[in-house]
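Notes for the structure review
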Amino acid sequence: MEIRRGIPVSSGIVIRQAFVLDSEDYRIPRRFVTDKEIEGETERFKQAVKAAESEISNLKQDVLRKAGTEVVPIFEAHLRMLLDRQMHDDVISHIRNSGFTAEYAVSKVFRLYTKNMKSVKDPFFAERVVDLFDIQKRLQRTLLGAQREDLSHLSEEVVLVAHELTPSQIALLDRTKVLGIVLDGGGRTSHTSIMARAMAIPCVVGLETISADVSGGQTVVIDGNRGIVIVEPDEATLRKYQDAEGKYHDFSLSLLKYRHLSAKTTDGVKINLLANIEFPWEIKGAIENGASGIGLYRTEFLFAEECKGVSEEEHYRTYKKAMEEVDGRELVIRTLDVGADKFTDARSAERSQEKNPFLGCRSIRLCLENPDVFKAQLRAILRASALGNNLKIMFPMISSLEELQQAKLILADTRESLEKDGIAYNKNMQTGIMIEIPSAAIIADLLAPEVNFFSIGTNDLIQYALAVDRGNERVATLYKPAHPAILRLIDRVVKAGKKAGIKVAMCGEMSGDIMFTILLVGMGLQDLSTAPSVIPEIKQVIRSISAKEAKQIARRALKFQTAEEAIDYLIEKTRKILPEVY
Amino acid sequence: MEVAKQLTLINKEGLHARPAVKLVDTANRFKCEIVIKTDGREINAKSMMSVLTLAAANGAVLHFAAKGDDAQEAMDAIEALIAAKFDEE
């Protein structure tokens with residue numbers, strides 16, 4: 001049994017056999033043979049080696065004819081690897097001593113070789129790993145024959161283990177078969193993680209070598225709540241997790257009951273539960289989970305591929321689709337917030353030129369510097385606003401009054417140009433800003449009169465205010481939403497908003513964390529935008545408290561001098577209401 | 001008979017595909033056991049898989065040890081191969 005810790009990015013508990021994508025594009029269906037089949041298995045293996053040998057020799061001849069002698073050594077190396085006595089001994093001893101099938105033995109042995117080779121620093125050897133895969137595939141093709149399965153033809157429920165997954169790969173997964181995801185790379189805010197959360201598939205990332213360490217067919221436990229992955233759990237652990245899996249499943253099902261119930265406190269205060277999304281297609285699922293609208297529509301995916309962003313038409317098409325999906329419910333579109341952690345690899349070269357990207361030219365600053373790109377998005381949003389009064393626009397990363405005024409100026413410009421072109425737009429479209437820079441929180445009273453609403457972005461607010469990079473393991477534990485400074489900043493923003501008569505919402509992760517629901521409601525927040533999957537449980541908390549009691553609790557929480565005291569207090573109060581979550 | 005020798009790789013690219021093949025082939029010509037000691041491990045010089053994990057670059061010092069009747073011959077052949085930069089340059 002191996003216990004590995006990674007980064008939890010999507011909650012839930014799942015126990016299934018692994019389907020490893022990367023070194024095998026197929027799954028090993030059988031792992032063991034009976035004693036009397038052992039000799040037969042070693043024979044099968046030897047035959048597979050012979051078949052592979054003649055394949056490679058033919059290939060070598062072929063290549064010699066087509067490409068000359070240059071590349072022949074590659075195939076010579078392959079042949080030697082294939083005919084390596086050490087490898088044969090290792091495979092055969094697995095078959096004889098452990099009763100493995102030939103394919104499982106091959107998988108295990110090659111996995112070990114791959115791991116050894118990957119641990120060598122020289123990049124040349126990282127590339128040799130590709131040769132290993134090649135040889136293994138060749139052997140497995142013969143051994144598995146027609147039994148090959150691939151990701152698009154799964155016949156059983158599995159846990160997907162991979163080095164990396166692109167958002168498109170995740171989008172195409174058969175969710176009735178892939179019940180959990182485990183990855184070598186990725187972080188909390190990578191696109192892949194965001195998608196796993198959006199699709200509510202339990203997911204743990206950042207395990208570094210898991211795809212090389214797990215063999216197809218092994219039992220894997222994913223604890224997406226705590227970021228733990230267990231390979232081949234022992235009896236006791238398996239039982240414990242099966243229990244937890246069952247409980248969590250029931251809990252999730254029971255939460256769906258809440259879908260159509262309103263998020264009202266026991267004394268009748270209605271809280272607007274909204275969803276954070278990346279794509280129009282997520283809207284349906286969000287509404288199914290009980291969202292009464294979209295509190296944050298991140299538009300970065302529209303800029304993911306192109307440095308210059310997509311055309312106004314493509315923006316418009318996407319926003320139009322979103323409007324169709326929300327069907328009259330609130331839809332808040334946030335303008336480009338491209339930043340250090342949201343870039344895809346192609347842009348990291350550009351990113352690395354800034355020594356301090358988080359404090360650099362990103363988000364609204366980038367837009368103000370590139371008015372053409374900005375205007376394309378603004379035009380599209382304004383055009384979409386003609387489809388309904390429910391569409392609102394939100395500027396991210398505002399740090400000063402001047403910045404806000406500049407943005408509004410460009411928006412006004414864009415309105416004028418649409419008028420000149422005779423294109424319709426909603427003249428009363430609501431405009432808001434994200435409060436995520438501490439300076440904005442502190443001058444919230446100066447900003448409130450200039451906008452129709454605030455949305456507190458706690459993720460960045462906490463990082464900037466506490467000077468903590470959440471992605472840096474050395475300081476990640478300093479990231480504390482319950483820090484008195486944060487609580488005071490939130491309180492300040494809510495009060496400034498109330499005084500100016502504008503709505504104050506919250507769209508950071510804190511709003512989706514049930515530990516803070518009572519606090520936030522008690523502080524006067526009536527609009528919480530979260531990942532769709534947590535809406536039911538937030539609703540459950542809201543329906544179980546009175547706004548009056550929440551206010552008392554919030555007042556008490558604001559008095560604590562340390563984050564620990566505040567958190568302990570909040571956990572204690574929340575546990576009383578929802579004991580099954582802990 | 002046991003023979004041990006420390007040999008340094010002097011060819012530019014170190015022990016990549018082609019030289020690795022030549023080394024393994026040379027080792028396999030002889031009956032004796034040939035190992036390369038490194039980092040507390042013992043690599044079987046006749047195994048391509050094992051030799052590849054050596055990741056020996058230019059300048060790497062390899063500790064060879066041969067055990068068997070033709071150990072000396074084997075060692076001489078390996079030494080010559082390395083000195084000739086695996087006939088690469």
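The coordinates are above.
Residues numbered from 1 in each chain as written. Chains lettered and ligands numbered in written order. Predicted model: local features only at pLDDT ≥ 70, side-chain atom pairs only at ≥ 80, totals over all residues.

This paragraph deals with helix H15 (residues 401–420) of chain A. Residue and element names in this part refer to chain A. The end-to-end C-alpha separation of H15 is 29 Å, in line with the 28 Å expected for 20 residues at 1.5 Å each. Buried within H15 we find Glu403, Leu404, Ala407, Leu411 and Thr414. Seen along its axis, H15 keeps its buried residues to an arc of 100°; they face one direction. Relative to its buried face, H15 has exposed residues pointing more than 90 degrees away, namely Glu402, Gln405, Leu409, Ala412, Glu416, Glu419 and Lys420. (Helix = DSSP H or I, 4+ residues; strand = E, 2+ residues; numbered from the N terminus. Expected span 1.5 Å × (residues − 1). Buried ≥ 20, exposed ≤ 12 C-beta atoms within 10 Å, placed from the backbone. Arc of directions from axis to C-beta.)

Now for the interface of chain A and chain B. Facing 18 residues of chain A, the contacting portion of chain B comprises 16 residues. The set of elements that each furnish at least two residues to the side of chain A that touches chain B consists of helix H2 (72–82), helix H3 (85–98), helix H4 (102–118) and helix H5 (123–144) of chain A. Of the residues forming the side of chain A that touches chain B, the biggest block, six residues, is contributed by H2 of chain A. Along the lines of polarity and charge, the residues of the side of chain A that touches chain B split into ten nonpolar, two polar and six charged. (Contact = placed C-beta atoms within 7 Å. Nonpolar A, V, L, I, M, F, W, Y, C, P; charged D, E, K, R; others polar.)

All names here are of chain A. Counting 128 residues, the largest nonpolar core has Val159, Val161, Val182, Ile294, Ile433, Ile435 and Val493 as the members making the most contacts within it. When residues of this core are sorted by domain, at least three fall in each of domain 1 (2–25 + 150–252) and domain 3 (261–581). The contact partners of valine 159, leaving out residues within four places of it in the chain, are Val14, Arg16, Ala18, Phe19, Leu179, Gly180, Val182, Val220 and Ile222. (Core = buried A, V, L, I, M, F, W, Y, C linked by C-beta atoms within 7 Å. Domains from an automatic or database assignment.)

Our next topic: the environment of glutamine 526 of chain A. Residues and elements named next belong to chain A. With respect to the helices and strands, glutamine 526 occurs in the loop between helix H20 (514–522) and strand E16 (527–530). In this structure, the C-alpha to C-alpha distance between glutamine 526 and methionine 506, residues 20 residues apart in sequence, is 8.8 Å. Not counting residues up to four positions away in its chain, the partners in contact with glutamine 526 are Ile271 and Asn272.

By themselves, these are just geometric observations and shouldn't be taken as functional.
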